[in-house]
Amino acid sequence: AQSVAQPEDQVNVAEGNPLTVKCTYSVSGNPYLFWYVQYPNRGLQFLLKYITGDNLVKGSYGFEAEFNKSQTSFHLKKPSALVSDSALYFCAVRDMLTGGGNKLTFGTGTQLKVEL
Amino acid sequence: DAGITQSPRYKITETGRQVTLMCHQTWSHSYMFWYRQDLGHGLRLIYYSAAADITDKGEVPDGYVVSRSKTENFPLTLESATRSQTSVYFCASSEYGLTDTQYFGPGTRLTVL
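The structure reproduced in this document is the subject of the present report. Given the structure is predicted, the values throughout are model-derived calculations rather than measurements.

Concerning the pairing of strand 11 (residues 102-106) of chain A
All names here are of chain A.
Now for step 1: With five of five residues buried, strand 11 is to be regarded as a mostly interior element.
Now for step 2: The alternating pattern of strand 11 places Asn102, Leu104 and Phe106 on one face and Lys103 and Thr105 on the opposite face, and all of these are buried.
Now for step 3: Note that strand 10 (residues 87-96) and strand 11 share five bridges and pair antiparallel. Note that in strand 11 the partner of Arg94 across the bridge is Leu104.

Okay, here's the thing in structure tokens:
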């Protein structure tokens, strides 16, 4: 089975500074990787995905993610953090369902706190 | 464009009662999913459905029942609620294909007393 790990439960960063939320993966075959964001009392919102091609993927709200095959990582980044970026971030990998088709397997989430 | 909706948004019930959580999507996506979100566990898949009348178990199906008579609806039933089923429940949908991006509803916060 495919899996992802988010090694940090919480990341704190000052507004205006660059931010990185880490994700590593373990897959057999080609990885299809996703980032989602969850704001308080809301559902998960899709940010970006890596399927193939350019290792730097650009997504919504100024976020990007860097795919690194040798390090099996897919870290989420933003050049300049905003207080409004404070949320819970989930990394996910496409996995196979036992009955056919695909599902997403999620990491445990990283709480990002951006402070003034 | 309503997307994917869930009802109720909040529910308090008692141990042993039956509870049904509703999920409705307007995209005609073939796949639908139910997850529960618990601290320290992230999201765990309860059940999924590949199409109308096709459902299958996920990682944590015990105590739950699903049905899908119409493509747009995917209700989740707790037949006899237990305190361990206190959680936030999310419904999601996706169109089968290469990328399989899932789109989530706003969630239902369920408390079992």
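Now that the structure has been shown, we can carry on.
A few points about the layout of surface pockets
Now for step 1: Each pocket or cavity is described by its volume, and for the largest pocket that value is around 570 Å³.
Now for step 2: Along its surface, the largest pocket is lined by 26 residues, and Gln38(A), Leu88(A), Gln111(A), Gln37(B) and Leu39(B) are the ones closest to its centre.
Now for step 3: Secondary-structure elements contributing two or more residues to the lining of the largest pocket are strand 10 and strand 12 (110-115) of chain A together with strand 4 (31-38), strand 9 (87-94) and strand 11 (108-112) of chain B.
Now for step 4: With three residues, the single largest contributor to the lining of the largest pocket is strand 10 of chain A.
Now for step 5: Taken together, the residues of the lining of the largest pocket break down into ten nonpolar, eleven polar and five charged.
Now for step 6: Looking at the second largest pocket, the residues that line it are Gln2(A), Val27(A), Ser28(A), Asn30(A), Pro31(A), Tyr32(A), Val93(A), Arg94(A), Asp95(A), Met96(A) and Asn102(A).
Now for step 7: Its residues assigned to classes, the lining of the second largest pocket shows five nonpolar, four polar and two charged.

Concerning the state of the cysteines
Residues and elements named next belong to chain B.
Now for step 1: In total, this model carries two disulfides over all chains according to the counting rule given.
Now for step 2: Sulfur-sulfur distance for the disulfide between Cys23 and Cys91 comes to 1.9 Å. Linking Cys23 and Cys91, the disulfide has an S-S dihedral of approximately -75° and is accordingly described as left-handed. With a gap of 68 residues between them, Cys23 in strand 3 (residues 19-25) and Cys91 in strand 9 connect regions that are remote in the sequence.

Some points on the environment of Gln25(B)
Residues and elements named next belong to chain B.
Now for step 1: As for its position among the elements, Gln25 is in strand 3.
Now for step 2: You can call Gln25 buried: its relative accessible area is 2%.
Now for step 3: C-alpha of Gln25 to C-alpha of Glu59: the two residues are 34 residues apart in sequence and 23 Å apart in space.
Now for step 4: Leaving out residues up to four positions away in the same chain, Gln25 has contacts with Gly3, Ile4, Met32, Arg68, Thr71, Glu72 and Ser93.
Now for step 5: Only 3.0 Å separates the side chain of Gln25 from the backbone nitrogen of Ser28, close enough to count as a polar contact.
Now for step 6: From its side chain, Gln25 meets the backbone oxygen of His29 in a polar contact 2.8 Å long.

Basis of the calculations
Residues take numbers from 1 onward in each chain, read along the sequence in its written order. Whichever chain is written first is A, and whichever ligand is written first is 1; the rest continue in order. For this predicted model, a pLDDT threshold of at least 70 governs which residues receive local features, and a threshold of 80 or more governs which side-chain atom pairs are given and counted, while totals over whole chains, interfaces and linings are taken from all residues. Heavy atoms throughout the structure, all of them, feed into the side-chain values; hydrogens and water do not. Burial here depends on accessible area, computed with a 1.4 Å probe over protein chains only, as a share of the maximum for the residue type. Under 20% is buried, over 50% is exposed, and the range in between is partly exposed. In DSSP terms, a helix is any run of H or I states spanning at least four residues, a strand is any run of E spanning at least two, and both are numbered starting from the N terminus. Paired strands, in this sense, are two strands between which DSSP finds at least two bridges. The rule is simple: put a 1 Å grid over the protein atoms alone, call a set of points where a 1.4 Å probe fits but cannot get out a cavity, call an open set with protein on both sides within 12 Å along at least five of seven lines a pocket, and count a residue as lining if it has an atom within 4 Å of a point. Grid points are joined across faces, edges and corners, and a volume is the space filled by probe spheres set on the points. Residue classes follow a fixed rule: Ala, Val, Leu, Ile, Met, Phe, Trp, Tyr, Cys and Pro count as nonpolar, while Asp, Glu, Lys and Arg count as charged, and any other residue, Gly among them, counts as polar. Pairs of cysteine sulfur atoms within 2.5 Å are identified as disulfides in what follows. Contacts are assigned to residue pairs with any non-hydrogen atoms lying within 4.5 Å of each other. N or O atoms within 3.5 Å of each other form a polar contact, as long as, within protein, one can give a hydrogen and the other can take it, and as long as residues adjacent in sequence are counted only when both atoms are side-chain atoms.

In short, geometric facts, not functional conclusions.
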